[in-house]
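Residue-level structural notes
These are the residues of each chain, in order.
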Amino acid sequence: MNLYEAIRWGNESEDPYTGGPNGADTCYLVRAGSVEQAGQLADAALRGARGRLADWTQVLHLLGTEQATDSQPRILRGPYLQHAYRHGWRLWSRAEAAAPWVEQP
């Protein structure tokens with residue numbers, strides 16, 4: 001199983017400095033067998049988002065593989081808020097919820 005960081009730009013806080021679409025990003029640590037599966041798990045957690053934010057995952061970073069004996073795909077952590085940086089990881093993105101995931105160079 002792979003470990004992914006699933007990202008939605010911004011967060012739902014109403015704080016004028018740290019919230020909204022330009023604030024820290026909403027992230028999840030996800031264990032999944034594929035990019036598509038990681039996106040589906042995080043999308044389910046984001047459904048019902050309020051305000052000006054997307055209610056779907058916009059970016060996925062591949063962090064590595066997990067060596068645990070539990071092989072159930074699931075969200076391991078989140079949501080947590082932080083500014084999402086690539087740090088050299090493989091990256092997939094999409095422009096809308098129904099769009100396919102596209103790996104970025």
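Structure: above.
A few points on the structure. (Residues numbered from 1 in each chain as written. Predicted model: local features only at pLDDT ≥ 70, side-chain atom pairs only at ≥ 80, totals over all residues. Heavy atoms only, no water.)

**A word on the sheet that holds strand E2 (residues 25–32)**
- Spatially, six strands are ordered E4-E2-E1-E3-E5-E6 in an open sheet, and the strand pairing comes out antiparallel. For this open sheet the edge positions go to strand E4 (74–82) and strand E6 (102–104), each flanked by a neighbour on one side alone. Averaged over all pairs of adjacent strands, the angle between strand axes in this sheet comes to 25°, irrespective of strand direction.
- One ladder, built from four bridges, connects strand E3 (residues 59–65) with strand E5 (residues 90–93); its direction is antiparallel. (Pairing = 2+ DSSP bridges. Helix = DSSP H or I, 4+ residues; strand = E, 2+ residues; numbered from the N terminus. Axes fitted to C-alpha atoms, helices over the stretch in contact; angles between N-to-C directions.)

**Considering the pairing of E3**
- One ladder, built from six bridges, connects strand E1 (residues 2–8) with E3; its direction is antiparallel. Across the sheet, Ala-6 pairs through a bridge with Leu-60, a residue of E3.

**A look at unusual backbone geometry**
- In the segment running from Gly-78 into Pro-79, the intervening peptide bond is cis, with an omega of 5°.
- Looking at the element boundaries, Pro-79 is found in strand E4.
- With a phi angle near 55°, His-87 is a residue other than glycine that sits in the positive phi range.
- In this structure, His-87 sits in the loop between E4 and E5.
- Overall, His-87 belongs to the exposed group, its relative accessible area being 60%. (Buried < 20%, exposed > 50% of the residue type's maximum accessible area, 1.4 Å probe, protein only.)

**Comments concerning the pattern of salt bridges**
- A full pass over the atoms with the stated rule returns five salt bridges.
- Among the salt bridges present, the one from Arg-31 reaches Asp-70, with a minimum N-O distance of 3.1 Å. Of the two residues, Arg-31 is situated in strand E2 and Asp-70 in the loop between E3 and E4; the sequence distance between them amounts to 39 residues.
- Taken together, the salt bridges that share partners define one network made up of Arg-31, Glu-66 and Asp-70. (Salt bridge = Lys/Arg side-chain N within 4 Å of Asp/Glu carboxyl O.)

**Examining the side chain of Asp-25**
- Within the secondary structure layout, Asp-25 lies in strand E2.
- Buried within the structure, Asp-25 lacks any salt-bridge partner; Arg-8 is the closest side chain of opposite charge, at an N-O distance of 7.7 Å.
- One polar contact links the side chain of Asp-25 to the main-chain amide nitrogen of Gly-10, over a distance of 2.9 Å.
- A distance of 2.9 Å separates the side chain of Asp-25 from the backbone nitrogen of Ala-84, its partner in a polar contact.
- With near-sequence residues (within four places) excluded, Asp-25 lies in contact with Ile-7, Arg-8, Trp-9, Gly-10, Tyr-80, Leu-81, Gln-82, His-83 and Ala-84. (Lys, Arg positive; Asp, Glu negative; His and termini not counted. Polar contact = N/O pair within 3.5 Å; in protein donor to acceptor, adjacent residues only side chain to side chain. Contact = heavy atoms within 4.5 Å.)

**What to know about the nonpolar core**
- Judged by nonpolar contacts, the single largest core of 13 residues is most densely connected at Tyr-4 and Leu-60.
- Elements supplying a minimum of two residues to this core: E1, E2, helix H1 (35–46) and E3.
- A total of four residues in this core trace back to one element, the largest contributor, which is H1. (Core = buried A, V, L, I, M, F, W, Y, C linked by side-chain atoms within 4.5 Å.)

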